[in-house]
Amino acid sequence: MVADRNFAPLSYGIILGRTSEQFSSVEVGLKITDAKVLVCSPGRNFVTLKIQTDEGFYGLGDATLNGRELAVASYLNDHLVPCLIDRDPSQIEDTWQYLYRGAYWRRGPVTMTAIAAVDMALWDIKGKVLDTPVYNLLGGRSRTGVLVYGHANGADIEATCNEVARYIGLGYRAIRAQSGVPGLASTYGVSKNQRAYEPAEKGLPLENAWDTEKYLLHVPKLFESLRLRFGDDIRLLHDAHHRLTPIEAARLGKSLEPYHLFWLEDAVTAELQEGFRVVRQHTTTPLAVGEVFNTVWDAQELITGQLIDYLRMTVVHGGGITHLKKVAALAEIYHVQTGCHGATDLSPVAMAAALHFDLAIPNFGIQEYMRHTKETDEVFPHAYYFDDGYLHPGEKPGLGVEYDEKLASKFPYERAYLPVNRKTDGTMWNW
Ligand code: EZ4
Ligand code: CO
């Protein structure tokens with residue numbers, strides 16, 4: 001069975017200093033001996049896959065799907081891990097195809113997050129075996145650092161402006177600005193009592209009230225104030241969190257044109273990809289979408305129709321490095337750049353994988369960066385670091401992230417969900 005599945009030649013045998021005679025058996029190369037699914041909650045929930053090999057090399061993959069964490073843990077534990085034992089970890093592409101095509105049931109966030117975790121872990125192992133950072137395996141550096149944007153949010157325009165000033169002080173060159181809307185009690189992406197917001201809330205889903213007209217009148221005022229105070233150089237971004245119809249998004253994009261945003265994100269849900277044609281026809285504000293996409297098929301029309309400027313898909317929810325590099329290659333032909341999702345619900349393992357990817361591909365645009373809590377950083381010690389507005393993946397072999405299992409065991413899973421959004425009359429609305 002082992003021979004059938006591992007049709008080798010086993011490439012890692014060479015690296016590990018074996019001679020040609022030793023290649024007579026398929027047992028020569030590395031084998032996956034174990035894979036563990038680790039769930040922890042150092043401030044928020046994370047699911048991590050740790051793949052172990054017989055030579056002591058191991059790899060980590062992020063498997064966190066915000067609010068649906070345990071579904072991916074089960075998918076891995078109950079269905080993927082048994083298929084991984086005894087496989088050759090050097091065969092990343094074949095393993096991806098085996099898990100995607102072999103399952104018969106393709107696509108979807110749970111499946112693609114589980115496959116992504118395996119894929120990340122195998123790239124991590126390959127880097128460690130070859131003693132080189134993953135970006136080097138992806139073609140090497142295409143730039144000196146990864147431009148990131150941080151999140152500034154405040155209850156009103158003044159508070160948001162003050163947060164933007166703080167981010168500029170921290171060295172950020174690009175900043176997403178979100179503000180509470182007058183007349184609405186709470187707004188997603190704007191924290192009430194702490195500076196940074198956390199996407200998920202413990203317990204059952206919170207409910208936010210929504211009023212499109214109030215929002216559409218308010219956002220241009222926010223960006224007018226920001227440009228008056230900070231001038232034209234700082235890159236400003238905004239996220240509409242899928243709450244608008246195409247024609248409403250077109251109006252918002254048009255009204256923001258004087259303030260030349262870097263992008264307007266998730267203006268419209270994208271199940272109907274051609275919906276973006278309406279937005280596109282009316283505004284020159286650059287458009288970004290895709291943090292919830294899982295395969296190239298979620299973005300195929302958006303890319304080939306040149307309906308967006310930035311694609312938000314990232315490694316963990318987009319099928320891993322193996323799939324995302326193909327999506328990026330398609331996007332490159334159609335003038336679409338990447339802008340990988342990078343909120344706190346993506347673990348440091350996914351962040352590291354994104355940074356290696358961002359550094360290597362030609363059509364990188366920008367990377368989202370929300371800082372993790374101190375507890376999360378301690379559970380996942382990592383080589384990547386922020387410097388002067390840029391992130392750098394570091395030079396450690398593989399992805400450059402560790403997992404402290406002992407410390408993680410002090411933070412057990414806690415149920416938490418993203419909030420739901422209702423119009424003021426109670427209608428569930430586009431979240
Ligand atoms: O809603 O990470 O751009 N960032 C965002 C985030 C996402 C969450 C979803 O899990 O929109 O706040
Ligand atoms: Co977003």
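Here, the structure is the one placed above.
All of the points below concern the structure found in this document.

Calculation notes
Residues numbered from 1 in each chain as written. Chains lettered and ligands numbered in written order. Predicted model: local features only at pLDDT ≥ 70, side-chain atom pairs only at ≥ 80, totals over all residues. Heavy atoms only, no water. Helix = DSSP H or I, 4+ residues; strand = E, 2+ residues; numbered from the N terminus. Near = heavy atom within 4 Å. Polar contact = N/O pair within 3.5 Å; in protein donor to acceptor, adjacent residues only side chain to side chain. Areas by Shrake-Rupley, 256 points an atom, 1.4 Å probe, with all protein chains shown as cover. Nonpolar A, V, L, I, M, F, W, Y, C, P; charged D, E, K, R; others polar. Axes fitted to C-alpha atoms, helices over the stretch in contact; angles between N-to-C directions. Parallel < 35°, antiparallel > 145°, perpendicular 65-115°, else oblique. Left-handed = near helix turned anticlockwise from the far one by under 90°. Contact = heavy atoms within 4.5 Å. Salt bridge = Lys/Arg side-chain N within 4 Å of Asp/Glu carboxyl O. Donors = N, O, S within 2.8 Å, 3.2 Å for Na, K, Ca; no water. Buried < 20%, exposed > 50% of the residue type's maximum accessible area, 1.4 Å probe, protein only. Expected span 1.5 Å × (residues − 1). Arc of directions from axis to C-beta. 1 Å grid on protein atoms, 1.4 Å probe; cavity = no way out; pocket = protein on both sides within 12 Å on 5 of 7 lines; lining within 4 Å. Points joined across faces, edges and corners; volume = space filled by probe spheres on them. Pairing = 2+ DSSP bridges.

Regarding unusual backbone geometry
With the exception of glycine, most residues fall at negative phi, and the peptide bonds are largely trans.
Alright, step 1. Even without glycine at this site, Y104 takes up a positive phi of about 75°.
Alright, step 2. Along the polypeptide, Y104 turns up in the loop between helix 4 (92-102) and helix 5 (109-130).
Alright, step 3. The phi angle at R107 is positive, at roughly 70°, despite the residue not being glycine.
Alright, step 4. Here R107 shows up in the loop between helix 4 and helix 5.

Things to note about the site of ligand 1
Alright, step 1. Inspection of the region around ligand 1 gives 16 residues, with N66, Y188, Y197, R312 and D345 positioned closest.
Alright, step 2. At a separation of 3.5 Å, an oxygen atom of ligand 1 approaches a polar side-chain atom of H241.
Alright, step 3. In isolation ligand 1 offers 320 Å² of accessible surface; the protein chains occlude 95% of this area.
Alright, step 4. Split by residue class, the shell around ligand 1 holds six nonpolar, three polar and seven charged.

Quick notes on the packing of helix 9 (residues 246-256) against helix 10 (residues 275-282)
Think of two packed helices as two axes; the pair is described by the angle between the axes and how far apart they sit.
Alright, step 1. Where helix 9 meets helix 10, the closest approach of the two axes is 8 Å, and the angle between their N-to-C directions is 25°. Considering the angle they form, helix 9 stands roughly parallel to helix 10. The two elements helix 9 and helix 10 meet at a crossing, and its hand is right-handed. Note on element contacts: helix 10 touches helix 9 through G275, V278, V279 and H282, opposite P246, I247, A249, A250 and K254.
Alright, step 2. Broken down by class, the residue content of the contact of helix 9 with helix 10 amounts to six nonpolar, two polar and one charged.

Comments concerning the pattern of salt bridges
Alright, step 1. In total, this model carries 20 salt bridges according to the counting rule given.
Alright, step 2. Ionic contacts of the salt-bridge type, sharing partners, join the residues E265, E291, R312 and E368 into one network.

Examining the coordination of the cobalt ion (ligand 2)
Alright, step 1. Around the cobalt ion (ligand 2), the donor atoms from the protein are D239 (OD), E265 (OE) and E291 (OE), and they sit 2.0 to 2.2 Å away.
Alright, step 2. Counting residues between consecutive donors of the cobalt ion (ligand 2) along the chain gives the motif D-x25-E-x25-E. Taken together, the residues D239 in strand 8 (residues 235-239) and E291 in the loop between strand 10 (287-289) and helix 11 (300-304) connect sequence positions 52 residues apart. Across the pair, E291 and D239 agree in class, each one buried.

A word on helix 7 (residues 157-169)
Alright, step 1. With 13 residues, helix 7 should reach 18 Å at 1.5 Å per residue; the first-to-last C-alpha distance of 18 Å fits that figure.
Alright, step 2. Of all the positions in helix 7, only I157, T160, C161, E163, V164 and Y167 are classed as buried. End-on view of helix 7: buried residues confined to an arc of 160°, all on one side of the axis. Away from its buried face by more than 90 degrees, helix 7 exposes E158 and G169.
Alright, step 3. Buried residues along helix 7 sit against strand 4 (146-154), strand 5 (174-179) and helix 8 (212-230).
Alright, step 4. Following helix 7 by one or two positions, G171 has its phi on the positive side, about 105°.

Describing the layout of surface pockets
Alright, step 1. Estimated volume of the second largest pocket: approximately 420 Å³.
Alright, step 2. Surrounding the second largest pocket, 23 residues form its lining, A196, Y197, T344, M370 and R371 being those nearest its centre.
Alright, step 3. Breaking the lining of the second largest pocket down by element, the ones donating at least two residues are strand 4 and helix 7.
Alright, step 4. Each residue belonging to the lining of the second largest pocket can be placed in one class, and the counts come to eight nonpolar, nine polar and six charged.

Some words on the pairing of strand 5
Alright, step 1. Burial analysis of strand 5 places six of its six residues in the buried class, the great majority of the element.
Alright, step 2. Burial along strand 5 is two-sided: A174, R176 and Q178 facing one way and I175, A177 and S179 facing the other are all buried.
Alright, step 3. In the sheet, strand 4 pairs with strand 5 via five bridges, with the strands oriented parallel. When the bridges of strand 5 are listed, N153 appears paired with Q178.
Alright, step 4. Bridge count between strand 5 and strand 8: three bridges; the pairing is parallel. When the bridges of strand 8 are listed, A174 appears paired with R235.

Spatial relationships are all this shows, so hold off on functional conclusions.
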